[in-house]
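Residue-level listing of the chains:
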Amino acid sequence: MAVSRVDGRDKVTGQARYAAEHWPEAGEGPLLYGVVVSGSVAKGRIAAIHADAALALPGVVDVISHENRPRIRSFDIFYKDMTAPGGSPFRPLYDDKVLYSGQPVALVVAETFEAARHGAALVRVDYDVEPHETYLLQHRGRAYTPSRLKAGYTPPPDTKGHPDDRWDSAAVKIEGEYYSGVEHHNPLEMFASTVIRGADGHLTIYDKTQSSQNSRWYVSHVFGLSKDKVTVRNPYVGGAFGSGLRPQYQLPLAVMAALKLERSVRVVLTRQQMFSFGHRPETQQRVRLAAEPDGTLSAIIHEALAETSRIEDYVEVVVNWSGELYACEHIRLGYKLVDLDHASPMDMRAPGAAHGVHALEVAMDELSYALKMDPLALRLKNYAEVDPSHGLPYSTKELRACYEQGAARFGWDKRPLEPGTMREGRELIGWGMATGMWDAMQMFARASAVLHADGNLVVSSAATDIGTGTYTAMSIIAADAMGLPLERVRFQLGDSTLPVAPIEGGSSHVATVGSAVDGVCDKLKERLFNMARRMDDSPLATARLADVEFANGGVRLTARPEVAVSLTDIMAASGEARIEEKYMMLPNMLKQMKYQRATHSAVFVEVRVDPEFGTVRVTRVVSAVAAGRIINAKTARSQIVGGVVWGIGQALHEETFCDHHEGRFMNHNLSEYHVSVNADIHDIDVIFVQEDDRIVSRIGAKGVGEIGQVGVAAAVCNAIYHATGRRVRSTPMTPDKVMLP
């Protein structure tokens, strides 16, 4: 099924309103505007804040800092949102400590945005500066094993077999170090919070977040407010992919101002300030692979070192993939952190896998050349039929079909083995490929469904749509389940008062919330069927539920479709204006834990390299994906295309540079932080391999949010080597690196 977005018209006509586009109603008073003052040193204490000049400006109402903020809780536990890692979360304006450059140190609040911005420029802050450390590679000696207290994180498994001995004695082996610089989120919508204070003190907050209930949880705990005093809404989110998993600091600052001044307040971060919270962490990896002469892997050793902040152990699953992708009896994996004077890193699309699978897949390509084997043939030679690290079967795994269909579409069989043998004009041409893998997760969720007498259905859950098509996918699932036309179904999300839903992340939303929607529709169907049987002269009076199906807006005998009753007739006969059901979906953990559950992909890439300038163009990509049942092929394809574009950005463009003398990110704007633009993107072909996984979810879906990016950067790297014979082991692969001998 390929359906256009049900919310598409609202978005293209400006009817969809985002966090900074909501206003107080009549009687709720005019809105105040807050502008954040960012700190300028990487470590130390605030000695003094000079706010007189700002306060003297017409329209400026207050300058809030740690010296005059309203009361907030003191214990760490109150600042831990639902995805917080181990440690002590950052507490904005809590005290005089400066933990990283760009940290918020004050909030100027004014009657107009212009006055607040002018005031923020006039605030002067004196610091007692302390020495800082911001460079991962200079502090490797301080590496430690991190806390495992982060949702979704699994430490590397124990060593299997004797990998070091096998590597030492191997006939064929390779070894490489891989470096990935810091990357920052740059969603189209700035991070913003609009707090509407009602006459009774109730706070209605429009927040840019991937979970309205996570933000409500955080605000309630930090400020000691009962949850019925706070409602958080996020009906539309202009991109996030990890940056909205945790409440960002504009949220507590806006609430702080609303509580202190008893007014409605809006705080919007600037593009530069969006470089002052989490980022994909700087990471260094070391991979060693060994193989028999026929290509059979005999050892896999993968170790990673990543940065975190001084206050939290932010962790990712970086190396575990190397124990799950290929059959091998001897595997050793390691992962450690170094704490630096930066803000805590945070999830960015395919966190951990984007870097970890990149290193493994580039290493596999290097091994293929050492063996003089085709890279695809090497992967097929070591195809894992069961999870090598845990010995578990896969719930479903159609990776072999991804290889076959992707290679056929790309024309891989025409690829010469030797690098540097294809040229057109002045450009060298290279073909590379890589494997992708991501978890197939399911959380718990609730949904409610209301069928009205006119036959319209409203389904609700506190889910989030970050632009990925949640409105549309859930509407399709409900319409299919109830046998209703799509235009008679409406899905509600983005409100903390709706039935509980997990944070939108990890490619788990469709498998989770979609299963809850399917479940509540099942309850509604059973109730409607019983109502139909009780109708006077009902043609279904003697039927069983197993004998009927819901289709064309009614319920009918499966064997005799002409024997049917419409849903509107059932409602009319009952005299009910509406009927409602609720459902809680809990994953069947006992069943799921017996399987390795994952999505897979095979990515094939063509690059064209200018050998004199080192510039790289990615001219063709084929991404073959196995991600369970695809609910909506149109939005799912868009997800994969978006992931491929991000992967090209990871491969060639994205990196935030730190001035380690100042401890500060320097290229904190879109003129100097490069992302892929239209001119960088050419043909992207997406294949969805047939798969239906009823272990991961009752609707057969796994999720496609992350898998589109995993493996892309590795395939680009491998294609560059095929074009030039030069191996670049760090990302992004900028012209200066490609030109190195």
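An account of the accompanying structure is given in this report. (Residues numbered from 1 in each chain as written. Predicted model: local features only at pLDDT ≥ 70, side-chain atom pairs only at ≥ 80, totals over all residues. Heavy atoms only, no water.)

## Observations concerning the overall build of the protein chain
Step number 1: When its secondary structure is counted, the protein chain shows 16 helices and 31 strands.
Step number 2: Whereas a compact globule of 741 residues would reach a radius of gyration of roughly 27 Å, the protein chain reaches 27 Å, a difference of no more than 12%.
Step number 3: Principal-axis analysis of the C-alpha atoms places the extent of the protein chain at approximately 80 × 80 × 50 Å.
Step number 4: A total of 741 residues make up the protein chain; the buried ones form 61% of that total.
Step number 5: Sequence separation of at least 24 residues holds for 80% of the intrachain contacts in the protein chain that already meet a minimum separation of 6.
Step number 6: Of the roughly 28100 Å² of accessible surface on the protein chain, a fraction of 50% belongs to carbon and sulfur atoms.
Step number 7: Side chains of the protein chain give 79 positive and 90 negative charges; the mean places of these two sets differ by 2 Å. (Helix = DSSP H or I, 4+ residues; strand = E, 2+ residues; numbered from the N terminus. Rg over C-alpha atoms; globule rule 2.2 N^0.38 Å. Buried < 20%, exposed > 50% of the residue type's maximum accessible area, 1.4 Å probe, protein only. Contact = heavy atoms within 4.5 Å. Areas by Shrake-Rupley, 256 points an atom, 1.4 Å probe, with all protein chains shown as cover. Lys, Arg positive; Asp, Glu negative; His and termini not counted. Charge placed at Lys NZ, Arg CZ, Asp CG, Glu CD.)

## Remarks on the environment of asparagine 632
Step number 1: Checked against the element boundaries, asparagine 632 lands in the loop between strand E27 (616-626) and helix H14 (633-652).
Step number 2: Residue contacts for asparagine 632: discarding those within four places in its chain leaves Met1, Ala2, Val3, Thr472 and Ile476.
Step number 3: Only 3.1 Å separates the side chain of asparagine 632 from the side chain of threonine 635, close enough to count as a polar contact. (Polar contact = N/O pair within 3.5 Å; in protein donor to acceptor, adjacent residues only side chain to side chain.)

## Looking at the pattern of salt bridges
Charged atoms that come close allow side chains of opposite charge to pair.
Step number 1: For the structure shown, the criterion picks out 48 salt bridges.
Step number 2: Across the pair arginine 727 and aspartate 365 runs a salt bridge whose closest N-O atoms are separated by 2.9 Å. Pair noted here: arginine 727 is in the loop between helix H15 (712-724) and strand E31 (730-731) and aspartate 365 is in helix H7 (residues 353-371), with a separation of 362 residues, a long-range link.
Step number 3: The class for arginine 727 is buried, based on a relative accessible area of 17%.
Step number 4: Close ionic contact of arginine 578 with glutamate 580 constitutes a salt bridge, the shortest N to O distance being 3.9 Å.
Step number 5: A relative accessible area of 42% means that arginine 578 is categorised as partly exposed.
Step number 6: Owing to a relative accessible area of 29%, glutamate 580 belongs among the partly exposed residues under this scheme.
Step number 7: Via salt bridges that share partners, Lys43, Glu133, Arg142, Arg310, Asp339 and Asp341 belong to a single interconnected network. (Salt bridge = Lys/Arg side-chain N within 4 Å of Asp/Glu carboxyl O.)

## Some points on the sheet that holds strand E21 (residues 489-492)
Step number 1: Read from one edge of the open sheet, 4 strands run E21-E20-E19-E25, paired in mixed fashion. One side of each edge strand has no neighbouring strand; the edge strands of this open sheet are E21 and strand E25 (578-585). The average angle at which neighbouring strand axes cross in this sheet is 15 degrees, direction not considered.
Step number 2: Pairing of strand E19 (residues 445-452) with strand E20 (residues 457-460) involves 4 bridges; the strand directions are antiparallel. When the bridges of E20 are listed, valine 450 appears paired with valine 458.
Step number 3: The strands that helix H10 (residues 470-482) touches are E20 and E21; relative to E21, the one it contacts most, it runs at about 135 degrees. (Pairing = 2+ DSSP bridges. Axes fitted to C-alpha atoms, helices over the stretch in contact; angles between N-to-C directions.)

## A word on the packing of aromatic side chains
Step number 1: In the structure shown here, the tally under the stated rule is 17 aromatic pairs.
Step number 2: Ring plane angle 50 degrees and centroid distance 5.9 Å describe the contact between tyrosine 18 and tyrosine 236, whose orientation is recorded as tilted. Of this pair, tyrosine 18 sits in the loop between helix H1 (8-12) and strand E1 (31-38) while tyrosine 236 sits in the loop between strand E11 (230-233) and helix H6 (250-261), placing them 218 residues apart in sequence. We note that tyrosine 18, like tyrosine 236, is buried.
Step number 3: Considering the side-chain rings of phenylalanine 410 and tryptophan 431, the 5.1 Å spacing of their centres and the 80 degrees angle between planes classify their relative orientation as edge-to-face. Remark: tryptophan 431 occurs in strand E18 (residues 427-439) and phenylalanine 410 occurs in helix H9 (residues 399-410); sequence separation between them is 21 residues.
Step number 4: Of the residues examined, phenylalanine 410 reaches a relative accessible area of 3% and is grouped as buried.
Step number 5: Grouping aromatic residues by their ring pairs yields a cluster made of Phe410, Trp412, Trp431 and Phe604.
Step number 6: Between the NZ or CZ atom of arginine 620 and the centre of the ring of tryptophan 431, over which it lies, the distance is 5.4 Å. (Phe/Tyr/Trp six-rings, centres within 6.5 Å; stacked < 30°, edge-to-face > 60°. Lys NZ or Arg CZ within 6 Å of the ring centre and 35° of its normal.)

## Topic: the pairing of strand E26 (residues 598-609)
Step number 1: Among the 12 residues that make up E26, 12 are buried, leaving the element largely enclosed by the rest of the structure.
Step number 2: Across the two faces of E26 the burial is the same, with Ala598, His600, Ala602, Phe604, Glu606 and Arg608 and Thr599, Ser601, Val603, Val605, Val607 and Val609 all buried.
Step number 3: Sheet topology note: the E18/E26 ladder contains 12 bridges and is antiparallel. When the sheet's bridge partners are listed, tryptophan 431 is paired in E26 with glutamate 606.
Step number 4: Two strands pair when backbone bridges link them, and E26 and E27 are joined in this way by 10 bridges, in the antiparallel orientation. Bridge pairing links valine 607 to valine 618 in E27.
Step number 5: Once E26 ends, the chain turns through 6 residues before running back antiparallel as E27, passing glycine 614 with a positive phi of about 75 degrees.

## Details of helix H11 (residues 509-533)
Step number 1: When the terminal C-alpha atoms of H11 are compared, their 36 Å separation across 25 residues agrees well with the 36 Å that a helix rising 1.5 Å per residue should span.
Step number 2: Burial analysis of H11 places 18 of its 25 residues in the buried class, which makes it a mostly covered element. (Expected span 1.5 Å × (residues − 1).)

## Considerations on the nonpolar core
Step number 1: Counting 95 residues, the largest nonpolar core has Leu289, Val607 and Val716 as its most contacted members.
Step number 2: With 10 residues, H7 is the largest single contributor of residues to this core.
Step number 3: Beyond its immediate sequence surroundings of up to four residues, valine 607 is in contact with Leu428, Ile429, Gly430, Val616, Arg617, Val618, Thr619, Val716, Ala719, Ile720 and Ala723.
Step number 4: Counting 54 residues, the second-largest nonpolar core is a separate cluster that includes Leu493, Ala543, Met585 and Ala701. (Core = buried A, V, L, I, M, F, W, Y, C linked by side-chain atoms within 4.5 Å.)

## Brief notes about H10
Step number 1: In this model H10 runs 18 Å from its N-terminal to its C-terminal C-alpha over 13 residues, within 8% of the 18 Å that 1.5 Å per residue would give.
Step number 2: The complete set of buried residues in H10 reads Thr470, Tyr471, Thr472, Ala473, Met474, Ser475, Ile476, Ile477, Ala478, Ala479, Ala481 and Met482.
Step number 3: The inward-facing, buried residues of H10 contact E20, E21, H11, strand E22 (548-551) and helix H12 (567-574).
Step number 4: Just downstream of H10 lies glycine 483, where phi reads positive at about 65 degrees.

## Let's talk about the sheet that holds strand E2 (residues 44-50)
Step number 1: The 3 strands lie next to each other as E5-E2-E7, forming an open sheet whose pairing is antiparallel. Looking at strand neighbours, the two that pair on one side only are strand E5 (97-98) and strand E7 (124-129), the edges of this open sheet.

## A word on the packing of H7 against H15
Step number 1: Where H7 contacts H15, the axes come no closer than 8 Å and their chain directions differ by 30 degrees. Considered as vectors, H7 and H15 are oriented roughly parallel to each other. H15 is crossed by H7, and the crossing has right-handed handedness. Residues His358, Glu361, Val362, Asp365 and Tyr369 of H7 touch H15, and the partners they reach there are Ala713, Ala714, Cys717, Asn718, Tyr721 and His722. (Parallel < 35°, antiparallel > 145°, perpendicular 65-115°, else oblique. Left-handed = near helix turned anticlockwise from the far one by under 90°.)

## A closer look at a nonpolar patch on the surface
Step number 1: Taken together, the side chains of Phe444, Met584 and Leu586 make up a nonpolar region of the molecular surface, amounting to roughly 300 Å² of accessible area.
Step number 2: Mapping methionine 584 onto the fold places it in strand E25.
Step number 3: Of the residues examined, methionine 584 reaches a relative accessible area of 35% and is grouped as partly exposed. (Patch = residues over 30% accessible without salt bridge, like charges linked within 9 Å, V, L, I, M, F, W, Y side chains within 5 Å.)

## Considerations on the side chain of serine 309
Step number 1: Take serine 309: it is sitting in the loop between strand E14 (297-308) and strand E15 (312-313).
Step number 2: Using a relative accessible area of 2% as the deciding quantity, one classes serine 309 as buried.
Step number 3: At a separation of 3.1 Å, a polar atom in the side chain of serine 309 contacts the main-chain amide nitrogen of glutamate 312.
Step number 4: Looking at serine 309, its side chain comes within polar contact range of the side chain of serine 344, at 2.7 Å.
Step number 5: Every residue in contact with serine 309, bar those within four places of it in the chain, is listed here: Asp339, Leu340, His342, Ala343, Ser344 and Pro345.

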